[in-house]
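Here's the letter readout for the chains.
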Amino acid sequence: MNSSATPQLLHRTARCGELTPADAEARREVILTGWVHHRRDLGQLIFVEIRDFSGTVQAVFDPSHALEAHALAETLRSEFVVGLKGRVVQRESVNPKHPTGSIEIRVDLLEILNPAGQLPFLIDEDVESNEELRLRYRYLDLRRPRLQQVLRTRHRLSAATRKAMDDLGFNEIETPILTKSTPEGARDYLVPSRIQEGGFYALPQSPQLFKQLLMVAGFEKYYQFARCFRDEDLRADRQPEFTQIDVEMSFATPEDVYEVVESIVAGMFREIGVTIELPLPRMAYAESMDRFGVDRPDTRFGLELKDLGAAAEGTGFRVFDGALEKDDGTVRGIAVPGAGDASRKVLDRWTDWAKSAGAGGLVWIKIADDGKISSPALKVLGEDGCRAAAAAAGAGNGDAALVVADSRSVCNRVLGVLRLKVAEERELIPEGKWNLLWIEKFPLFEWDEKDQRWYSMHHPFTAPRGEDLPKLADSPGEVLSDAYDIVLNGTEIGGGSIRIHNQEIQSQVFDALSISKEEADSKFGFLLRALASGAPPHGGIALGFDRICAMLTGSESIRDVIAFPKTTRAACLMTGSPSKVDSAQLRELHIDLAPGTKE
RNA sequence: GGAGCCGUGGUGUAGUUGGUUAACAUAUCGGACUGUCACUCCGAAGAUCGCGGGUUCAAGUCCCGUCGGCUCCGCCA
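Just so you know, these numbers come straight off a predicted model, no measurement behind them. (Residues numbered from 1 in each chain as written. Chains lettered and ligands numbered in written order. Predicted model: local features only at pLDDT ≥ 70, side-chain atom pairs only at ≥ 80, totals over all residues. Heavy atoms only, no water.)

Chemist: Help me out: how do you make sense of the protein's contact with RNA strand B in this one?
Modeler: Residues in close proximity to RNA strand B total 49 residues, the closest being R40, D41, E104, H458 and T568. The sugar-phosphate share of atoms of RNA strand B within 4 Å of the protein amounts to 54%. Within the side chain of E232, an N or O atom sits 2.6 Å from a sugar or linking oxygen of RNA strand B. At the level of elements, β1 (29-41), β2 (46-52), β5 (103-114) and α3 (131-136) are the ones that each hand at least two residues to the surface near RNA strand B. It is α3 that contributes the most residues to the surface near RNA strand B, four residues altogether. When grouped by side-chain class, the residues that make up the surface near RNA strand B number 14 nonpolar, 16 polar and 19 charged. (Near = heavy atom within 4 Å. Polar contact = N/O pair within 3.5 Å; in protein donor to acceptor, adjacent residues only side chain to side chain. Helix = DSSP H or I, 4+ residues; strand = E, 2+ residues; numbered from the N terminus. Nonpolar A, V, L, I, M, F, W, Y, C, P; charged D, E, K, R; others polar.)

As structure tokens, then:
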């Protein structure tokens, strides 16, 4: 075990997973390097599966063939790093479960390049250790074939995208990571300046302003795999730092952006062997809210939201009448096919879901296969009334209708949530479908009750649609924008807009957002000056690359498609960041910790 | 900020109404084995049950607090 000496068997001549029966036919002599995956010691014969990035292959040590190599093989343990030399031969007993199961390496020479101690968990597909441990020893977790496969796919998706963008004439241009804090949006990660006392950089939430300035500069077609940072609480699909495919084009309409994005996305799907039909369907925001209750509809299945309309009017049912009397009040519902025999327990659970989504309650109407109706509203509505209401929701014999009476926005929100959860629970979402579509014609602003002001739905640089410009001052709530989202199976995978290229309109939008001239000037003065210096009409999009990778690799969480992810408390368990720094470092940055800060 | 689930030898789990030696598998160490493939067989070692406090004659188990991981709500233009 002379692992300190200069290794002899370092330069392999083949890769484990790529050896074939033809190599055995030729009795090819190879040098392999890799890790000990499994070891099966039969006393005389020793079988060792060697693993490298390409896969595994079995090596056999036979004392009658190579005594020294066999003796050394007795000392091998899991995850030792070895080099070996031998001939590829046919196996005496074939293992059909294994890609290289018909061949093996008859080893002449073995060299231990580096031994390994006992590892915190097994590098085996089916043994799941807990996530905390896997994150602490991420480099071991990443040895697993599954994660290697995922990151390899991620690489192929980015390589395909870079190739496509180059072919389309886009330039990849990097933008600063140390930049300026901007109001609105997410919390910024801040970086203190040593040189400028009391000054802070912010890490970019996105390269939004820089890419617009590149358009002003005349680059016309820009893209970038941009790292973005947002200091908000984490989720399975949210990390504090993540990657966007950031795109911006001059002299562009939404159509131009759609065309580019569709070719990128179709190219990524091609990498996983899926053909996407182009052009993608489009849907107005208003229609999506009306039919699905959300702005990112999952169109793989039905259960669409319906107005109960006449069936709910004048029934004397207090729940319905109460809602209909209100401004904007309505009665809406969904039909759950095959739920006509749902148990009380199930209906109670659905009611709880509706309540936690903001509904006062949930009216359910079950119709058994034989047409028998049960519902809490049966007494008031009668058989015919219930049947009419259920029919309006789209439910017939054997189905259930779930009905919510409230303001239109509450109905949509509640039913939108219910539709997804019920469909998931009842397994009504078909596997293997990839439903992509564009959502467009978003409102420019949304009203915030708490702050009593308008906020940008997308961001403050989104262009209002031309025909809505006159409404900007007086009825901002009615202004639609040239913003668009691309949605895959109910997940938003990207969003963008045509930008404001005119300083006057940009100022009007800041007015509507109650951003004062002074604030606009101090935060975005450079942008306003740029817009007044010959800015071309322009627009673009940002695609959530991590989410796309997660969906295309069937990963539950984007942690799986990020090599070194952070926990839900935004920590890296492997390096132990964030961590304390010594007081000299803080002094240099002109920072005092607040009294009471935990040491 | 809030809610839920989880934390037991290196690892994955079991552990009843609180009851005396904390069980099983795997990995580790030693032994046997020439066609295994999650090799098999025999033996050994390995745990103050995340941490702190409390109730009790007695706590892995009950209570309170705390730390960590995950999921969700708020939040994420």
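Here the narrative resumes.
Chemist: Got a minute to help me understand the sheet that holds strand β14 (residues 363-367) in this structure?
Modeler: Adjacent strands of a sheet pair through backbone hydrogen bonds, lying either parallel or antiparallel. Spatially, β12-β13-β16-β14-β15 is the arrangement adopted by the five strands of the open sheet, whose pairing is antiparallel. Since the sheet does not close on itself, it has two edges, and those belong to β12 (306-307) and β15 (373-374), each with one partner. Each of β13 (329-336), β14 and β16 (400-407) touches helix α9 (residues 318-325); the most contacted strand, β13, lies at about 130° to it. Set on the sheet, helix α12 (residues 408-425) makes contact with β12, β13 and β16; between it and β16 the angle comes to about 150°. (Pairing = 2+ DSSP bridges. Contact = heavy atoms within 4.5 Å. Axes fitted to C-alpha atoms, helices over the stretch in contact; angles between N-to-C directions.)

Chemist: I'm lost on the UniProt feature "binding site: ATP" (unreviewed entry) in chain A in this one. Help?
Modeler: Within this structure's numbering, the places UniProt gives as "binding site: ATP" (unreviewed entry) are R230, D231, E232, Q239, E492, G544, F545, D546 and R547. As for the annotated residues, the ones lining the second largest pocket are D231. Judged by relative accessible area, which is 32%, E492 ranks as partly exposed. When near neighbours in sequence (up to four residues on either side) are disregarded, E492 contacts R296, D485, I486, V487 and R547. Checked against the element boundaries, F545 lands in helix α15 (residues 545-552). Classification of F545 as buried rests on a relative accessible area of 2%. Excluding residues that lie within four positions of it along the chain, F545 makes contacts with R154, L157, S158, F225, T243, Q244, I245 and M268. (UniProt positions renumbered as here; feature names shortened; annotations may be inferred. 1 Å grid on protein atoms, 1.4 Å probe; cavity = no way out; pocket = protein on both sides within 12 Å on 5 of 7 lines; lining within 4 Å. Buried < 20%, exposed > 50% of the residue type's maximum accessible area, 1.4 Å probe, protein only.)

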